[in-house]
Amino acid sequence: MISLSPSLKSRLSTPLKIGSFEVKSRVLQSPLSGVTDLVFRRLVRRYAPDSMMYTEMVNATGLHYVKELPKIMEVDPNERPISIQLFDCRPDFLAEAAVMAVKEGADTVDINMGCPVNKITKNGGGSSLLRQPEVAEAIVRAVVKAVNVPVTVKTRIGWTDKEINILDFAKRMEDAGAQMITVHGRTRSQGYTGPAKWEWIGKVKEILSIPVIANGDMFSVEAAVKCLEQTGADGVMCSRGTLGYPFLVGEIDYFLKTGQEKTPPTPIQRLECAKEHLQALWEYKGDRGIRQARKHMTWYAKGFAGAAELRGHLSVIENLQQGLETIDRAIERLANSTGSQEVEELELVEV
Ligand SMILES: Cc1cc2nc3c(=O)[nH]c(=O)nc-3n(C[C@H](O)[C@H](O)[C@H](O)COP(=O)(O)O)c2cc1C
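Residues numbered from 1 in each chain as written. Predicted model: local features only at pLDDT ≥ 70, side-chain atom pairs only at ≥ 80, totals over all residues. Heavy atoms only, no water.

Near the ligand you find 18 residues, and of these Ser-33, Gln-85, Asn-215, Asp-217 and Arg-240 are the closest. Lys-154 places a side-chain nitrogen or oxygen 2.8 Å from an oxygen atom of the ligand. Between the ligand and Ser-239, the relevant distance is 3.4 Å, taken from an oxygen atom to a side-chain nitrogen or oxygen of the residue. Here the ligand, which alone exposes 610 Å², has 92% of that area covered by the protein. Split into classes, the residues belonging to the shell around the ligand amount to six nonpolar, eight polar and four charged. (Near = heavy atom within 4 Å. Polar contact = N/O pair within 3.5 Å; in protein donor to acceptor, adjacent residues only side chain to side chain. Areas by Shrake-Rupley, 256 points an atom, 1.4 Å probe, with all protein chains shown as cover. Nonpolar A, V, L, I, M, F, W, Y, C, P; charged D, E, K, R; others polar.)

In this section: the state of the cysteines. On inspection of all chains with the given rule, the structure shows zero disulfides. Residue Cys-89 stays outside any disulfide, its sulfur separated by 13 Å from that of Cys-115, the closest cysteine. Looking at Cys-89, the relative accessible area reads 22%, which means it is partly exposed. Cysteine Cys-227 shares no disulfide, and the gap to the nearest cysteine sulfur, in Cys-238, comes to 10 Å. (Disulfide = S-S within 2.5 Å. Buried < 20%, exposed > 50% of the residue type's maximum accessible area, 1.4 Å probe, protein only.)

With that out of the way, let us pick up the packing of helix H9 (residues 221-231) against helix H10 (residues 248-258). One way to put it is that H9 packs onto H10 with a least axis distance of 9 Å and a crossing angle of 55 degrees. One element, H9, and the other, H10, form an angle in the oblique class. Along this stretch, H9 crosses H10, giving a crossing that reads as right-handed. In contact with Val-221, Ala-224, Val-225 and Leu-228 of H9, H10 contributes Leu-248, Glu-251, Ile-252, Phe-255 and Leu-256. Looking at side-chain class alone, the contact of H9 with H10 contains eight nonpolar, no polar and one charged residues. (Axes fitted to C-alpha atoms, helices over the stretch in contact; angles between N-to-C directions. Helix = DSSP H or I, 4+ residues; strand = E, 2+ residues; numbered from the N terminus. Parallel < 35°, antiparallel > 145°, perpendicular 65-115°, else oblique. Left-handed = near helix turned anticlockwise from the far one by under 90°. Contact = heavy atoms within 4.5 Å.)

Glancing now at the UniProt feature "domain: DUS-like FMN-binding" (unreviewed entry) in the protein. As annotated in UniProt, the feature "domain: DUS-like FMN-binding" (unreviewed entry) corresponds to residues 29-334 in the numbering used here. Helix makes up 48% of residues 29-334 and strand 14%, whereas the separation of the span's terminal C-alpha atoms amounts to 30 Å. (UniProt positions renumbered as here; feature names shortened; annotations may be inferred.)

Another aspect to go through is unusual backbone geometry. The omega angle of the peptide bond from Arg-80 to Pro-81 is -10 degrees, so this bond is cis rather than trans. In this fold, Pro-81 is placed in the loop between helix H3 (60-66) and strand E6 (82-87). Phi is positive for Lys-67, which is not a glycine, with a value near 60 degrees. Within the secondary structure layout, Lys-67 lies in the loop between H3 and E6.

In this section: the packing of aromatic side chains. This model, assessed by the stated rule, comprises three aromatic pairs. Ring centres 5.9 Å apart and planes at 90 degrees place the aromatic pair Tyr-65 and Phe-93 in the edge-to-face group. Placement of Tyr-65 in helix H3 and of Phe-93 in helix H4 (residues 91-104) is noted, with a sequence separation of 28 residues between them. Note on Tyr-65: relative accessible area 59%, which makes it exposed. Judged by centre distance (5.0 Å) and plane angle (70 degrees), the ring pair of Tyr-245 and Phe-247 falls under edge-to-face. Considered together, Tyr-245 and Phe-247 belong to a single accessibility category, that of buried residues. One aromatic cluster is present, formed by Tyr-47, Tyr-245 and Phe-247 through successive ring pairs. (Phe/Tyr/Trp six-rings, centres within 6.5 Å; stacked < 30°, edge-to-face > 60°.)

Moving on, we get to the pairing of strand E8 (residues 151-158). Burial analysis of E8 places eight of its eight residues in the buried class, which makes it a mostly covered element. One ladder, built from five bridges, connects strand E7 (residues 108-113) with E8; its direction is parallel. Looking at the pairing, Asp-110 lines up with Thr-152 of E8. By the bridge criterion, six bridges tie E8 to strand E9 (residues 180-187) in an arrangement that is parallel. (Pairing = 2+ DSSP bridges.)

Right, dumping it as C-alpha cells:
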C-alpha cells in the first residue's frame, strides 16, 4: 500500500501556478510525438479532467513556411488546460509559431529543449539547445515577448554524463522569462535508457523560484510519490507510462488529492478502451489513423494470457473492422477464461 504523507499532501494541495495561469492538478500528461493527439488527450482527460496536457511537438520552421495549422497542433475548444509544444532553434520562427499556438487556444506555450532525435538536434533544436544556452535564452525571451500566455521549457539534465549543465541552464531559462520548467532526468546520450537521475531535479528545485516539474520513469503512482518526495518538485509529468494506459495521469492525480488508490482497470476494460481509441483514431484521421493505431493497440495488449499473440495480430491490422473484431475476440477469450493461464508480467513499453 502506498501512503501519502501529510506534508506532501499539503504541499501539493494548492493549484499549480504557471505564471498567472492556474492548474488544479500536479500531474501532467507529457508531449509525445505520434501519440498525444486530440484523440489520445481526450481519453487521458476523461480520467484526469484537471490535468494539463501537451500536444505533440510542432516544428516552428514548418509553420513559418506553410502558414497552415498542422493536424498535430489542433486543439479541441473544450479541452483545457492545454499547452502547445514547439521546437526549433530560431527565436523569430518560434515567436511567430507561439502566436499561432495562442490563437489555436494554448493556455501555455512550451518549448522543446530535450528531444534527443538526430533529425532535430542536427538542426539546432531539441536537446542540442542545452549546448547553446545563449540561443535557448534568446528563444525564451522572443517567445515571452510575442505572447501573453506563460512560456515554459521542457529539457533534459545535459548532453552527456560529462556535460550535465541543467543547474546553470535552468537558471538561465528562469531569468529569460520561462514560467515553468520540466526536467527529464536523463542526458541526451542516455536517450530513454538507464534510470532517470531524479537527484538533479531536486537540485534544480532548490535554486529556482518558478515551478519545477519532474519527468522520467513516472510509471506508477508509487514512482510519482517517491519522486515528489525525493525531489521536492511541484508536480510530475507522465510519459511512456501512459502508452496503452491513458489511466495513469488520473490514477496519480486521484491519489495525490485523496490519498486513496484507484482500482486499476481490468484487462477487459483496457481492451474496451483500446477499441474506443481505435474507433476515434479512424474517425479523426481515416486510414492514416488505422496505421497509427497499430502501435497503440499493441501497447494496450499487455499483461494477460494471450497478450503476445494478440499484439502480433494487432500490429498488422488493415482496417477498423478487422481491429475491432480482433479485440472483441480477445475480450471474449478473457471473459471465458478460468484465470488459470499464465499471465505475462506487465513490462515497460519499448518505443
Ligand atoms: C514516443 C515518444 C515520443 C516523445 N515525444 C516527445 C515530444 O514530442 N516532446 C517532448 O518534449 N518529449 C517527447 N518525448 C519524451 C517524453 O515526453 C519524456 O520526456 C520521456 O519519455 C521521459 O519520461 P518517461 O521515462 O516517463 O518515459 C517522447 C518520448 C517518447 C517515448
